[in-house]
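# What the coordinates show
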Amino acid sequence: MSNNDPQGLYKALGVQPSATAEEIKSAYRKLAKETHPDASQTASSEKFYKISAAYEILNDPLRRAEYDSSAFQASAHEAKTRVIDPICCSRCGQVAAQPRYVVFFRVYSFIVMTTRRPVQGIFCASCAKKEGLKSSVITLFAGWWGAPWGPIYSIGSILNNGFGGKHERSADEGMVWYNALAFLSRGNLQLSYALAMQSRKALDKEIARHAAELVSQLEKAGADPRQGKLRNPWVTSMLYGTGHLLMAFALPGALALGIFANTQGSGASASYGGSRLYSSPPSKQYQSSVQNAIPKPNVPTCTDVPYNGQLLGPNRLSSTAGHSLEIRNGSSGNAIIKVRAELSGAVVAAFFVRSNQTGQITGIPDGRYTVQYAFGDALDVSCRRFVHLNSAGQFPGAETLQTEQTATQIITQVLSYTLYAVPAGNVTPQIISAQDFERQ
Ligand SMILES: [Zn+2]
C-alpha cells in the first residue's frame, strides 16, 4: 500500500489517489458492472463488496478527505529511527510545510440539472488559492443556469471557495505535526521546532502533549525560539475575498439574491439538496393486474381524497427532525410515493400527491433510501392504495441522507423530484411491477 492509500481503497478501484471525482465514479461503474454477482459466472461477490465499500468512502468528499488525511501518522520514536518524507502539495508536488486538506466545489447546471463536483486534495497555500479561484470562475459561468438549485449551490460554493475551501482543523493540525516529525527525522531542527510550536495548540491532546515535549527537547538542542514562528501562508488578500464576494453576489443580480435570502433565512437550520427531473415511464398498463383490478361498477372507492403530502398508513418518520422529500407531480394522474430503506426494502413512509400539484414530507431519518412512485386514478376504500395502478417506477440508485452538524447549525437535506407526464427527463427511471410497489 502506498503512503497515501493506507487501506488500498484507490487501488481497489484501480485509480490513483489524485483521481478526480468523475474518474472515481466511472472506474466504479465499470468495475461494478464486471463484478456484480448477477453479471457473470466469473464475477465474485467478495470483489463487488470490496469495490462498493471503497466507492462509498471515496465518493463522499468529506469521508474521502478524512481517509486521505488519515494516511499521515507518525510517532516521535519513528522520527528518530527512520527518515520520514514531509507532505507534498498534490498539485505542484513541492514540499508544503503547512499543508491543508481542502475541498473546493465547482457547480455545473443545465436547465433543471445541477451538480456540485468536489475538487479535493492536499494543497500548499498558493495552489489552494489558485484552485479556489478557478473553481469559482467555473461556477460563475457554468453554475447559475439551473432552477432552483443552480443559484443556491453557486453562491454557497463560491463563498466556500473564497474563504479557503472546506477543511477540517483537526486534519490540518495532524499534517502539521506529521511534518514537524518529518523535518526532525531529516535534521531540519529549526523548521521542526517552528511546526512543533504550532502543534502545541492542536485540538488533539496527544499531539499537543507530544509537541510540547518536542519543543522543549529542541530548545535544549539549540533551536532558536526567536525563529519559532512561521508566517501563515493561508492568509488571503482583501482583493481575493472581495473578488469572490463579487462573483457570489454582484453579478448574478437581484433574482439570485432573492432565492438565497429565502433559503438562508431560516435560523438555526438550513437545507440543501439536489433537484432532479425524471420522466415518468410510458403509461404502460400492467396486464396481469388489469385482469383482477379493473374497477367493477360497484367497487367502493375512497370518498375523502387525501391532501398533498398526506401520509398513507404507518410510517417511521421522526416528528422532531430529519430530511425532507418533495415531489412535484407534473403528470395528469394522482401519485403515491413510497420511501423504502435501501437494504430491507421496508416502507419508511408512503404519501399522496395529487395530479399537477406538489407534496412534501419531512422527518426522514439518516439512512439510504430508494424512492418509488405509482400513478393511478381512484383510491380504494382504505384510501391507501389505488384501485388500479396505471404505472409504477423507481428512481435509479439509492439516496444517502446524512445530517451534518456544524458548530452553529444542524443541516438536513431536501430531496426534490419532478415527475413529468411525457418521457422528457434526463434520467429514465426503472419501471417496476405493481407487486414490487405494493410489497410491504
Ligand atoms: Zn502547491
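These lines cover the structure that appears in this document, whether it is placed above or below. Source: prediction; values computed, not measured.

This part takes up the packing of aromatic side chains. In total, this model carries eight aromatic pairs according to the counting rule given. Both rings, one in Y28 and one in Y55, keep their centres 3.8 Å apart while their planes meet at 5°; by these two values the pair is stacked. Placement of Y28 in helix α2 (residues 21–35) and of Y55 in helix α3 (residues 45–58) is noted, with a sequence separation of 27 residues between them. Owing to a relative accessible area of 18%, Y28 belongs among the buried residues under this scheme. The class of Y55 is buried, set by a relative accessible area of 13%. Where F395 meets Y417, the ring centres are 4.0 Å apart and the plane angle is 5°; that geometry is what we call stacked. Taken as a pair, F395 in the loop between β10 (389–394) and β11 (399–401) and Y417 in strand β13 (residues 410–420) lie far apart in primary sequence, 22 residues in all. Here F395 and Y417 have matching classes, each one buried. Through a chain of ring-to-ring contacts, the aromatic side chains of Y373, F375, F395 and Y417 assemble into a single cluster.

One can describe the packing of helix α6 (residues 125–142) onto helix α7 (residues 149–162) by two numbers: an axis separation of 9 Å at closest approach and a directional angle of 165°. By the criterion of interaxial angle, the relationship of α6 to α7 is roughly antiparallel. The crossing of α6 and α7 is left-handed. Side by side, α6 and α7 meet where G132, S135, S136, T139 and L140 of the first sit next to S154, I158 and N161 of the second. When the residues that make up the contact of α6 with α7 are grouped by side-chain class, the tally is two nonpolar, six polar and no charged.

Once that is clear, we can look at α3. Since there are 3.6 residues in each turn of an α-helix, residues three or four apart along the chain are aligned in direction. Look at α3: 20 Å from first C-alpha to last across 14 residues, which is about the 20 Å you get at 1.5 Å a residue. Taken together, the buried positions of α3 are occupied by F48, I51, S52, A54, Y55 and L58. Along the axis of α3, the buried positions cluster into a sector of 165°, meaning they face one direction only. The outward face of α3, more than 90 degrees from its buried face, is lined by the exposed residues E46, Y49 and K50.

Here the focus is the coordination of the zinc ion. The coordination sphere of the zinc ion, as far as protein atoms go, consists of C89 (SG), C92 (SG), C124 (SG) and C127 (SG), spread over 2.2 to 2.3 Å. Classification of the site at the zinc ion rests on its four donor atoms, whose angles at the metal span 104 to 117°, yielding the label tetrahedral. Sequence spacing of the donors to the zinc ion: C-x2-C-x31-C-x2-C. Judged by its relative accessible area of 3%, C89 falls in the buried class.

The next point concerns the state of the cysteines. Per the counting criterion, the structure on display carries one disulfide. Each sulfur in the disulfide pair C302 and C383 lies 1.9 Å from the other. Handedness here is read from the sign of the S-S torsion; for C302 and C383, about 95°, the answer is right-handed. With C302 in the loop between α13 (287–293) and β5 (323–330) and C383 in the loop between β9 (367–376) and β10, this residue pair connects regions lying 81 residues apart in the sequence. Grouping residues by exposure puts C302 and C383 together as buried.

Interhelical geometry of α3 versus helix α4 (residues 61–69) gives an angle of 100° and a closest axis separation of 6 Å. Between α3 and α4, the interaxial angle falls into the category roughly perpendicular. Within the contact between the two elements, α3 uses E56, I57 and L58 and α4 uses R63, R64 and Y67. In the contact of α3 with α4, the residues fall into three nonpolar, no polar and three charged.

Enumeration according to the criterion identifies 17 salt bridges in this entry. Between K30 and E34 there is a salt bridge whose closest N-O contact spans 4.0 Å. Of this pair, K30 and E34 are both found in helix α2, four residues apart, which corresponds to roughly one turn of the helix. The salt bridge partner of R186 is D85, with a shortest N-O separation of 2.6 Å. Within this pair, whereas R186 is found in the loop between α8 (169–185) and α9 (189–199), its partner D85 is found in the loop between α5 (76–81) and β1 (100–110), the two being separated by 101 residues in sequence. Using a relative accessible area of 45% as the deciding quantity, one classes R186 as partly exposed.

Our next topic: the pairing of strand β6 (residues 334–341). The buried fraction of β6 amounts to eight of the eight residues, a majority that puts the element mostly inside the structure. Residues of β6 alternate between two faces, with N334, I336, K338 and R340 on one and A335, I337, V339 and A341 on the opposite face, all of them buried. Here β6 pairs with β9 via eight bridges, running antiparallel. Residue pairing in the sheet places I336 in a bridge with A374 of β9. In terms of strand pairing, β6 meets strand β7 (residues 347–353) through six bridges, oriented antiparallel. Pairing of V339 across the sheet is with A349, part of β7. Two successive antiparallel strands, β6 and β7, enclose a turn made up of five residues, where G345 displays a positive phi of approximately 75°.

Conventions and cut-offs
Residues numbered from 1 in each chain as written. Predicted model: local features only at pLDDT ≥ 70, side-chain atom pairs only at ≥ 80, totals over all residues. Heavy atoms only, no water. Phe/Tyr/Trp six-rings, centres within 6.5 Å; stacked < 30°, edge-to-face > 60°. Helix = DSSP H or I, 4+ residues; strand = E, 2+ residues; numbered from the N terminus. Buried < 20%, exposed > 50% of the residue type's maximum accessible area, 1.4 Å probe, protein only. Axes fitted to C-alpha atoms, helices over the stretch in contact; angles between N-to-C directions. Parallel < 35°, antiparallel > 145°, perpendicular 65-115°, else oblique. Left-handed = near helix turned anticlockwise from the far one by under 90°. Contact = heavy atoms within 4.5 Å. Nonpolar A, V, L, I, M, F, W, Y, C, P; charged D, E, K, R; others polar. Expected span 1.5 Å × (residues − 1). Arc of directions from axis to C-beta. Donors = N, O, S within 2.8 Å, 3.2 Å for Na, K, Ca; no water. Tetrahedral: all angles 85-135°; square planar, octahedral: opposite > 155°, others 65-115°. Disulfide = S-S within 2.5 Å. Salt bridge = Lys/Arg side-chain N within 4 Å of Asp/Glu carboxyl O. Pairing = 2+ DSSP bridges.

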